[in-house]
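Analysis of the macromolecular model
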Amino acid sequence: MKGRKSILFCAVGLLALTSCNKDVVEIPESNDPVFRTMGTLGTDPFEIVAGDNGAYMFTMTEVQNGVDVFSGKISDGNFSIELGIYDGMIDKPSHEAVETIMNVISPEFSQVTGAPLVTLSKDELATMAGSQYVDQIVWSIDGIYEDLNEVVITEPGKYHVCADVTFLDGATASICNEVIAGYNLGANFMIDFSVGLQGLVTASVDNMGNAMQQVKWFVDENQVGSDDHLETEILSGYHIITAEVQFENGVVRRKSVLVDGSNQQHTVNDFTIFEYQASTTVKPRDFNIRLFVEKNGKKYTTETAKNEDAYLLITGLEYYGKNDAGMDVYKVSADIKAQVREVGTSNTIPMSFTTVFGIEIP
């Protein structure tokens, strides 16, 4: 088999869109294949070796609900397996995913159950000081309008949530915040604030016991302070007060509240209250594994199958090289036994295989 070559492609998927830059990584001549997978689906055996009989291997960093999924796919045209590793520690912008993945020997499979994870509720937000004057809210998530007053989120993710608010007196305003659901929170905070006469805003950071390194305050995205507390006068009309907090453990979060310099009843709190619904209802998805399988036009996934007793062992993770785009490519070796469910049906079958996959981790 001397002279074997395998081709990897680099792609970045944004929500439903996936692009592909064909950046070739040449594998040195060897009798030993680099990327391969061998096992059984149900009772049917399979083996795919990248470079043999038209089989190929490519990598991509997909984005699922605002979170990177480091993925690889091996296929011979009729049978394909896609393996993805969800990113984690998503509130730490400077974290090194590779180092963490190397230390996760037996990760868990991600699950999509359809059960409520977070409920964006006007009534729950209105239990906080000031927000009780809200009459109704039209919620939007990642730019898509969802529903009036109450919206249920069923999948883990990092979401950009906006509220178009109508107050009891008919006035309207909008405010947006990031909401993390179903992932570990390394630290968190919320903004305590009040609006006094002549538009005097007093605000402080409730750090929930987490050690802070730096705080920045903004009014309508203009920085106005860098202390734990803020006192500032604002003009009449609506304004967004934002706190950006960097914690000592590397977590960075931004939270915003809505104020009105001419009406103390026109206020809306940040959305921190919703993040703690998720923290107690599901296992965090940080660095979970997902599998997609396609055979003879049928598609299967581990995410809707019961895999509490699955076996998943990463036996090796090593740097392979860079592709033409300069992106790092890693070899992941793994032994896997799991259940996969056919998409759109209740048909579930066992799958068992060993593999060496190529994944791109930016």
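Overview of the structure.

Glancing now at the overall build of the protein chain. A tally of regular secondary structure across the protein chain gives three helices and 25 strands. Taken across its 362 residues, the protein chain has 48% of its residues classed as buried. Look at the contacts in the protein chain between residues 6 or more apart in sequence, and 62% of them connect residues 24 or more apart. Carbon and sulfur atoms form 48% of the exposed surface of the protein chain, whose accessible area is close to 16900 Å².

The phi dihedral of Asn53 falls on the positive side, at around 55°, and the residue is not glycine. Topologically, Asn53 is positioned in the loop between β4 (44-49) and β5 (56-64). With a phi angle near 50°, Met89 is a residue other than glycine that sits in the positive phi range. If you trace the backbone, Met89 turns up in the loop between β7 (79-86) and α1 (97-103).

This structure, assessed with the given rule, holds 10 aromatic pairs. Note on Tyr56 and Phe58: the rings are 5.8 Å apart at their centroids and 15° apart in plane angle, and the pair reads as stacked. Classification of Phe58 as buried rests on a relative accessible area of 16%. The lysine or arginine in question, Arg254, covers the ring of Phe218, its NZ or CZ lying 5.2 Å from the ring centre. Over the ring of Tyr86 we find Arg285; its NZ or CZ atom is 4.4 Å from the centre of that ring.

With that settled, consider the sheet that holds strand β12 (residues 157-167). Strand order in the open sheet formed by four strands is β10-β9-β12-β13, and the pairing between neighbours is antiparallel. Edge positions in the sheet fall to β10 (144-148) and β13 (172-181), since each has one partner strand and no second. The mean inter-strand angle of the sheet, taken between neighbouring strand axes irrespective of direction, is 30°. The pairing of β12 with β13 spans 10 bridges and is antiparallel. Pairing of Tyr159 across the sheet is with Val179, part of β13.

In spatial order, the strands read β17-β16-β19-β20; together these four strands make up an open sheet with antiparallel pairing. Two strands close off the open sheet at either side, each with one partner strand: β17 (222-225) and β20 (252-260). For this sheet, the mean angle separating the axes of adjacent strands, direction not counted, is 30°. One ladder, built from three bridges, connects strand β16 (residues 212-219) with β17; its direction is antiparallel. Counterpart to Val219 in the pairing with β17 is Asn222.

Once that is clear, we can look at the nonpolar core. Ranked by size, the top nonpolar core spans 40 residues in total, and within it Leu41, Ile81, Val293, Ile336, Met351 and Ile361 carry the most contacts. Among the elements of the structure, β4, β6 (67-75), β7, α1, β21 (289-295), β23 (311-322), β24 (328-342) and β25 (348-360) are those that each provide at least two residues to this core. A per-element tally of this core places β24 first, with seven residues. What Ile361 contacts, discounting residues up to four positions off in sequence, is Phe70, Ala97, Val98, Ile101, Asp328 and Tyr330. The next biggest cluster of nonpolar side chains, apart from the first, holds 25 residues, and it includes Val118, Ile141, Val165 and Ala173.

Applying the stated criterion across every chain, the model contains one disulfide. A disulfide bridge connects Cys162 with Cys176, and the sulfur atoms are separated by 2.0 Å. Its torsion about the S-S bond being 105°, the disulfide of Cys162 and Cys176 is classed as right-handed. Placement of Cys162 in strand β12 and of Cys176 in strand β13 is noted, with a sequence separation of 14 residues between them.

Which parts of space are left empty comes out when a probe the size of a water molecule is rolled across the atoms. If you add up the space inside the largest pocket, you get close to 570 Å³. Lining the largest pocket we find 25 residues, and of these Glu108, Phe109, Ser110, Gln111 and Lys283 sit closest to its centre. Classifying every residue of the lining of the largest pocket gives 11 nonpolar, 10 polar and four charged. Lining the second largest pocket are 20 residues, with Phe292, Lys299, Tyr300, Thr301 and Val343 positioned closest to its centre. Elements with a contribution of two residues or more to the lining of the second largest pocket: β5, β7, β21 and β22 (298-301). The residue makeup of the lining of the second largest pocket, split by class, is nine nonpolar, four polar and seven charged.

Each value, and the rule that gives it
- Residues numbered from 1 in each chain as written.
- Predicted model: local features only at pLDDT ≥ 70, side-chain atom pairs only at ≥ 80, totals over all residues.
- Heavy atoms only, no water.
- Helix = DSSP H or I, 4+ residues; strand = E, 2+ residues; numbered from the N terminus.
- Buried < 20%, exposed > 50% of the residue type's maximum accessible area, 1.4 Å probe, protein only.
- Contact = heavy atoms within 4.5 Å.
- Areas by Shrake-Rupley, 256 points an atom, 1.4 Å probe, with all protein chains shown as cover.
- Phe/Tyr/Trp six-rings, centres within 6.5 Å; stacked < 30°, edge-to-face > 60°.
- Lys NZ or Arg CZ within 6 Å of the ring centre and 35° of its normal.
- Pairing = 2+ DSSP bridges.
- Axes fitted to C-alpha atoms, helices over the stretch in contact; angles between N-to-C directions.
- Core = buried A, V, L, I, M, F, W, Y, C linked by side-chain atoms within 4.5 Å.
- Disulfide = S-S within 2.5 Å.
- 1 Å grid on protein atoms, 1.4 Å probe; cavity = no way out; pocket = protein on both sides within 12 Å on 5 of 7 lines; lining within 4 Å.
- Points joined across faces, edges and corners; volume = space filled by probe spheres on them.
- Nonpolar A, V, L, I, M, F, W, Y, C, P; charged D, E, K, R; others polar.

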